[in-house]
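# Remarks on the overall topology
Chain by chain, the residues:
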Amino acid sequence: MQCKNFASLNFLGFAENARIINSASGCVSKYGVGSCGPRGFYGTFDVHLDLEKRIAEFTGTECAIIYSYGFATVASAIPAYSKRGDVLFVDEASCFAIQKGVHASRSKVIYFKHNDMDDLESKLKQQEIMEGNDAKKSKVTRKFMVVEGLYMNTGQICDLPRLVELKYKYKVRLFVEESLSFGVLGDTGRGVTEHFNIPVEKVDMICGSLEYSLASTGGFCCGSEYIITHQRLSGLGYVFSASLPPLLARAAIEAIDIMQEQHDLFSQLKSKAVKFQNLIRKIASIEVVGNPESPVFHIRRKNSVSNEEDLKF
Amino acid sequence: VRNHIAMAIVLLFGWLRDFLNEHVFTPEPSAHEQEDLKDFVPLYTTFERFFVRNVIERGYDVLHRPVCTVPGAVIDIRERKFSSSGKFLGLTGKVFRNVVNLGSYNYLGFAQNEGVCADAAVKAVAELGTGVCSNRFEVGNYEIHSKLERKMAEFLGVEDCMTFGMGFATNSMNIPCLVGKGCLVISDACNHASLAIGCKISGATIRVFKHNDMKDLEKILRHSIVEGHPRTYRSWKKILIIVEGIYSMEGTIVNLPEVIRLKKKYKAYVYLDEAHSIGSLGSRARGVTDYFDIDPTEIDVLMGTFTKSFGASGGYIAGRRELVEHLRLNSHSACYGVSMSPPVAQQALSSLNVIMSEEGKERITQLAANTRLFREKLRTFGFIVYGHEDSPVVPLLAYLPSHIACFSREMLARGYGVVVAGFPSTPLGESRVRFCISSALSKQQILDALEAISDIGDIMRLKISAKQILYKFGKLKK
């Protein structure tokens, strides 16, 4: 039975792109399929180095690092920096990978209301007051804010300008998780920093995924060299896991090439998302949760009665 | 003691270098924090930065060597440029050609870019694409995943199996589904980081027993059952013993018959991580259960990866039907992580088919012969080698951190690529060189490699085993 696919996160349609498929097949003929080792032990191929360079150039950062699984990216990146005794400010509606990363870091976690910058500011103020009582401890307590560019669980876009303002006011580092927003937001698909016209250096680290817009497997983190090179030794999903199969890295490079050549992909995606959302919103008994420009949104039944009724609906 | 002195000397030189860089010479520009973040709390501790700068970066050219061909028996390595302080600057353009690969996890030689498996993978890319863009629950459940699972269950001799996109994530995302608060996990001291993370996230109480020491395991089991949960003193909901088939840094094979005996006696469950042993042990390559001739249904949870012996990537968990059904519904990976990429799943499936055929038997015998030859010769030379006789993971002890860096560079100069590991992957005093034997290596390549190792061993005086003299006068009794 043939159906229209509104379920997979194949935003730019690269999953069936012939050019990507050809380059991946060529890669199998050169490197085989598996990489047979972690990055430190003969699992680094020149395609990995190329992909890292391309991602760093594309996003405008100094350095990038590739992981072999999208989930493991942010779940390994957060515990590499934030340890026991540090403080993490995390959005309530953040995705499961962030929650696992935060849990594994053993740091103190303070959740703030979803996308509510005033609530975040009040919690930051409270933490500052608490630290004021113990000056010695506050000098070694690192603080981080973890937000998503485009939230998987609600389809909202984070308020990046306000977050950058809070970062400098309260001296808290900012990590943005751009799994969904990379290749979706912004005029050329560079993500939420381009969407809001904020220089990418203002964000300490961007974690993204190659699994959605780029139709490959894996994830990346990019930022300044000072921050990213630390993960080469202490990112658990990087050091203790086999590297990304070369053909998938090649597919991702090809996808980035296409993204740079065809700029109209992003405006097309945006206009289609807006059009579809407008049509859906017209249906009276449905409530749409998500930003009007977002290609990911949730539909709920208005006046929900019970679980069974909703399922039948 | 020699080790600690060596480490102290390295650190002393580090301090001296930093002091000179600060006060006398102009240091090279290195990565540092952005200007506008100077008032923020420092991201790394001073000791961390010091250790990385002065100890690890000095030996950085032996790690992360970029390969530019298929990771089979022979590879080409690109040379890298480093600054005098060890910072990576780029590729020089020169290539070390035809380096014999003693480091990649290629036990049955499936790292091939031609042949049945590669052709099938190319076909899978053309038909199904490279990316799945969805998790197993939603629209990421392809027919090839189900085929692979059925074949793997048949191969292992169990009822059902489930595959996942990444081996590390298989452990870290599924152990929390199996155990939780109120459960006890008893794990081996040398378990992999993925198992440690999975146990930590699950919230269960963790106890560690000495590496492969069954008496210690029994002692801990008895004490834990008698004492109960540390705070409530109630009995445990579940006891899970986590062991690995072959330990990747030690090369030892788990004492499985004894673990099964203890499990039955104390009514615990066993989680067996066969990342290295599946495909490389046993007369039919079925892993450590095949090696000891144990019925695989006696192990409660069989876990493994496709990276090492199958030339693909990803992991699986196999066992009774109820267990796998529970994981299909509750696993975090099924719900939040994407499923295996189609060409990778196809590679795993084709290599499974090959292993179960006549050609597979040849590969298995070749691997066993290579392993035996390599280990026997190393012991007669007088090196200190850890691990069991049949384990294709061969750690050779070099002890000092400077020795392992020198060994790796000398081997590369002679055309052999080896893997070295030191602190913090191994204990401080036990830096080692780890060889991974592959069935793709011919007998002549192994003999030549042994000659090179013996040469370097003489230069660096590593042949310090007390058993060397016994080998000279007669066969050593095992």
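Cut-offs and rules
Residues numbered from 1 in each chain as written. Chains lettered and ligands numbered in written order. Predicted model: local features only at pLDDT ≥ 70, side-chain atom pairs only at ≥ 80, totals over all residues. Heavy atoms only, no water. Helix = DSSP H or I, 4+ residues; strand = E, 2+ residues; numbered from the N terminus. Rg over C-alpha atoms; globule rule 2.2 N^0.38 Å. Contact = heavy atoms within 4.5 Å. Areas by Shrake-Rupley, 256 points an atom, 1.4 Å probe, with all protein chains shown as cover. Lys, Arg positive; Asp, Glu negative; His and termini not counted. Charge placed at Lys NZ, Arg CZ, Asp CG, Glu CD. Domains from an automatic or database assignment. Buried area = accessible area lost by both parts, 1.4 Å probe. Salt bridge = Lys/Arg side-chain N within 4 Å of Asp/Glu carboxyl O. Nonpolar A, V, L, I, M, F, W, Y, C, P; charged D, E, K, R; others polar. Phe/Tyr/Trp six-rings, centres within 6.5 Å; stacked < 30°, edge-to-face > 60°. Buried < 20%, exposed > 50% of the residue type's maximum accessible area, 1.4 Å probe, protein only. Lys NZ or Arg CZ within 6 Å of the ring centre and 35° of its normal.

For the rest of this paragraph, the subject is the overall build of chain B. Within chain B one finds 16 helices and 14 strands. On C-alpha atoms alone, chain B measures out to a radius of gyration of 24 Å, which is about the 23 Å that the 2.2 N^0.38 rule sets for 478 residues. Overall size of chain B, expressed as C-alpha extent along the three principal axes, is 70 × 55 × 55 Å. Counted over contacts in chain B with a minimum sequence separation of 6, partners at least 24 positions apart contribute 71%. Accessible surface, chain B: about 20700 Å² in total, of which carbon and sulfur atoms supply 55%. A gap of 4 Å separates the mean positions of the 58 positive and 50 negative side-chain charges of chain B.

Residue and element names in this part refer to chain B. With domains assigned, chain B is organised as domain 1 (1-101 + 361-470) and domain 2 (116-356). Taking only C-alpha atoms into account, the centre of domain 1 sits 29 Å from that of domain 2. Counting residues at the interface gives 17 residues for domain 1 and 20 residues for domain 2. Summed over both sides, the interface of domain 1 with domain 2 buries roughly 1300 Å², with 61% coming from carbon and sulfur. With a closest N to O distance of 3.4 Å, Arg-432 and Glu-250 form a salt bridge. Those elements that provide at least two residues to the side of domain 1 that touches domain 2 are α13 (358-381), β11 (393-399) and β14 (431-436). If you tally residues by element for the side of domain 1 that touches domain 2, the top one is α13, at five residues. Grouping the constituent residues of the side of domain 1 that touches domain 2 by class yields seven nonpolar, four polar and six charged.

Moving on to the packing of aromatic side chains. For any pair of aromatic rings, the description rests on two quantities: the centre-to-centre distance and the angle between the ring planes. Overall, the coordinates contain 16 aromatic pairs over all chains when judged by the stated rule. Ring centres 5.4 Å apart and planes at 85 degrees place the aromatic pair A:Tyr31 and A:Phe45 in the edge-to-face group. Within this pair, whereas A:Tyr31 is found in helix α1 (residues 18-31), its partner A:Phe45 is found in strand β1 (residues 44-45), the two being separated by 14 residues in sequence. We note that A:Tyr31, like A:Phe45, is buried. Residues B:Phe155 and B:Phe310 carry aromatic rings whose centres are separated by 6.5 Å and whose planes lie at 75 degrees to one another, so their mutual orientation is edge-to-face. With a gap of 155 residues between them, B:Phe155 in helix α4 (residues 143-156) and B:Phe310 in the loop between β9 (301-305) and β10 (315-319) connect regions that are remote in the sequence. Lying across the ring of A:Phe58, A:Arg190 places its NZ or CZ 4.4 Å from the centre. Looking at B:Arg363, its charged tip hangs above the ring of B:Phe110, at a distance of 4.2 Å from the centre.

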